[in-house]
Amino acid sequence: MKRYHIWTIGCQMNKADSDFVADYLQRAGFSETEIAGEADLVLLNSCVVREHAEAKVVNKLRSLKGLKRSRPDITIALTGCLVDSRIDDLKERFPWVDLFFRPQQWDVFSDWAESYGLPGLTQGETPVPQNPPVSAYVPIIQGCDSFCSYCVVPYRRGRARSRDLVEIRCQVENLVQRGTKEVTLLGQIVDAYGRDLPSKPDLADLLADLNSIKGLLRIRFLTSHPSFMSPKLIQAIADLDKICEHISLPIQAGDNDILKAMKRGYTAEEYGTLVEHIRRTVPDVALSTDVIVGFPGETDEQFARTVEVLCQIRFDKVHIAGYSPRPQTAASRNLEDDVTPETKEARRAHAEAMQHEIATEINAAFLGSTVEVLVEDKKKGKWCGRTRGDKLVFFASEASLMGQLAKVRIDKASPFALQGTLA
Ligand code: SAM
Ligand code: SF4
């Protein structure tokens, strides 16, 4: 039996694409191996959002050079955001890689599969794994039209393209029939869903449609862009029983001049007003965000405004990254990367420490309360799953609870997770 090895870094979209390929290969008779050296096909799914991620991918690629030399029969494939239109450059840099395809470039993957003697992928196919996870990712919109000045994604993933609403519903129904209980709808700007489709449905319409699927317990979506969060969508989150009260809403910075230079399209005040509206309409909503520190020209005062906003809004979760200049982007072409690595790191650590305190307080408030957990996994002998607000919860039980909703009384809290006992 042939074997495959898939290595993935980066966003949930990459994870979803890797799952797609893994499922395809399993149906084509392959089995998975954890060891690249034992595989017939090695696929790397890459991320280049920050230099650090790209360096990891390049290291991984270099580590496969010797393998290809000793086993010329092996196929090494590369996808993800390292693959852009300049494939010839990549071929020159990494001649031991046999196949390059851009994210979602399934026609290229399909041609390779056929040349390898495997069935090709049919156009528009949305295969559903035999045993899908309890909580499954479903990409609903690819690409991004926003061109934030620091971000390489639009150059690598192309224009925004929404999937047909009926096709998405079909895929979710199939997942649910095979055991999935929760879906997370994915997009770089998930709330821009539908704008490019002829009948112009929006995310609220899609959520209302999916909400009626019997057997589906929960629906999540990410990542939302503040400029696309409509009152209709916020109302839908409040009204539809399966939509989880959790919104991932990157702010990126708290200073208006930095936000402008980032080309984010909103001010810190507008963001704050949006959050007030969300919290009024969806009580107990959990909010997570992304922040970039050390953007070109960011002063201590400007950074302090970001920290101030984090303290005012009190997010449940914040992903903080130091600015990393990326080729092709407007910021890397026009602005000097003038904040030193030390300052970036100091700012990152400061914001992180701040958020650590906030998350500690938010999570401590759960002590003694009973939460509803969708059980997704078993780790180190404990069941684990998430609340509707995306809190990770661990608890012990002898019962078989996979895929079930469990009531758990919280008796231990950390900034990252909760622990409890079955109520
Ligand atoms: N579409 C989402 C949005 O609008 O924020 C997120 C997509 S982006 C791939 C994920 C996160 O990576 C961003 O929210 C941003 O914080 C971070 N990021 C993107 N480009 C970056 C860069 N050049 N340097 C540092 N962080 C970056
Ligand atoms: Fe990148 Fe901005 Fe698009 Fe998000 S919205 S993917 S940060 S360009």
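First things first, this report covers the structure right here in the doc.

Cut-off values and rules
- Residues numbered from 1 in each chain as written.
- Chains lettered and ligands numbered in written order.
- Predicted model: local features only at pLDDT ≥ 70, side-chain atom pairs only at ≥ 80, totals over all residues.
- Heavy atoms only, no water.
- Helix = DSSP H or I, 4+ residues; strand = E, 2+ residues; numbered from the N terminus.
- Buried < 20%, exposed > 50% of the residue type's maximum accessible area, 1.4 Å probe, protein only.
- Polar contact = N/O pair within 3.5 Å; in protein donor to acceptor, adjacent residues only side chain to side chain.
- Contact = heavy atoms within 4.5 Å.
- Pairing = 2+ DSSP bridges.
- Axes fitted to C-alpha atoms, helices over the stretch in contact; angles between N-to-C directions.
- Parallel < 35°, antiparallel > 145°, perpendicular 65-115°, else oblique.
- Left-handed = near helix turned anticlockwise from the far one by under 90°.
- Nonpolar A, V, L, I, M, F, W, Y, C, P; charged D, E, K, R; others polar.
- Core = buried A, V, L, I, M, F, W, Y, C linked by side-chain atoms within 4.5 Å.
- Near = heavy atom within 4 Å.

To continue, consider the side chain of Asp390. Position of Asp390 among the secondary structure elements: in the loop between strand 15 (382-386) and strand 16 (392-396). We classify Asp390 as buried; its relative accessible area is 12%. A polar contact of 3.4 Å, which involves the side chain of Asp390, links it to the side chain of Lys317. Residues contacting Asp390, with those up to four places away along its chain left out, are Arg220, His246 and Lys317.

This part takes up the sheet that holds strand 4 (residues 75-80). Two pairing modes exist for strands in a sheet, parallel and antiparallel, and in both the strands are linked by backbone hydrogen bonds. If you walk across this open sheet you meet the five strands as 2-1-3-4-5, and the pairing is parallel. The open sheet is flanked by strand 2 (31-32) and strand 5 (99-100), the only strands paired with a single partner. One ladder, built from six bridges, connects strand 3 (residues 41-46) with strand 4; its direction is parallel. What sits directly across from Leu43, in strand 4, is Ala77. Running over the sheet, helix 1 (residues 12-27) touches strand 1 (3-8), strand 3 and strand 4 and is turned about 175° from strand 1.

Attention now goes to the packing of helix 9 (residues 231-239) against helix 11 (residues 268-281). Close contact between helix 9 and helix 11 brings their axes to 9 Å; oriented N to C, the two are set at 30°. It follows from the interaxial angle that helix 9 and helix 11 lie roughly parallel. Helix-helix and strand crossings are classified by hand; for helix 9 and helix 11 the assignment is right-handed. Contact residues: helix 9 offers Pro231, Ile234, Gln235 and Ala238, while helix 11 offers Leu274, His277, Ile278 and Thr281. Taken together, the residues that form the contact of helix 9 with helix 11 break down as five nonpolar, three polar and no charged.

Glancing now at the nonpolar core. In terms of nonpolar packing, the biggest core is built from 73 residues, with Ile140, Leu185 and Leu203 touching the most fellow members. Setting aside residues no more than four positions away along its own chain, Ile140 makes contact with Arg161, Ser162, Arg163, Ile168, Leu185, Leu186, Val190, Tyr193, Leu203 and Leu206. One finds Ile74, Leu78, Phe100 and Val152 within the second-largest nonpolar core, a separate group that totals 26 residues.

For ligand 2, the full set of nearby residues is Cys144, Ser146, Phe147, Cys148, Tyr150, Cys151, Val153, Pro154, Gln188, Ile189, His225 and Arg264. Counted by class, the shell around ligand 2 contains eight nonpolar, three polar and one charged residues.

With that settled, the discussion passes to unusual backbone geometry. That bond from Leu222 to Thr223 is cis: its omega, 5°, falls within 30 degrees of zero. With respect to the helices and strands, Thr223 occurs in the loop between strand 10 (218-222) and helix 9. Of note, the phi angle at Gln104 is positive, near 70°, even though the residue is not glycine. As for its placement among the helices and strands, Gln104 is situated in the loop between strand 5 and helix 5 (106-115).

At their nearest, the axes of helix 7 (residues 165-177) and helix 8 (residues 203-211) sit 10 Å apart, and the two run at 35° to each other. For the pair helix 7 and helix 8, the crossing hand works out as right-handed. Contact with helix 7, carried on its side by Leu165, Ile168, Arg169 and Val172, involves Leu206, Asp209 and Leu210 of helix 8 and no other residues of that element. Its residues assigned to classes, the contact of helix 7 with helix 8 shows five nonpolar, no polar and two charged.

Before going further, it helps to examine the environment of Pro341. Tracing the backbone shows Pro341 in helix 14 (residues 341-364). Exposure remark for Pro341: the relative accessible area of 59% places this residue in the exposed category. Linking Pro341 and Gly322, residues 19 residues apart in sequence, is a C-alpha distance of 8.2 Å.

Quick look at the environment of Glu114 now. Inspection of the secondary structure assignment puts Glu114 in helix 5. Apart from the residues within four sequence positions on either side, Glu114 is in contact with Pro119 and Gly120.

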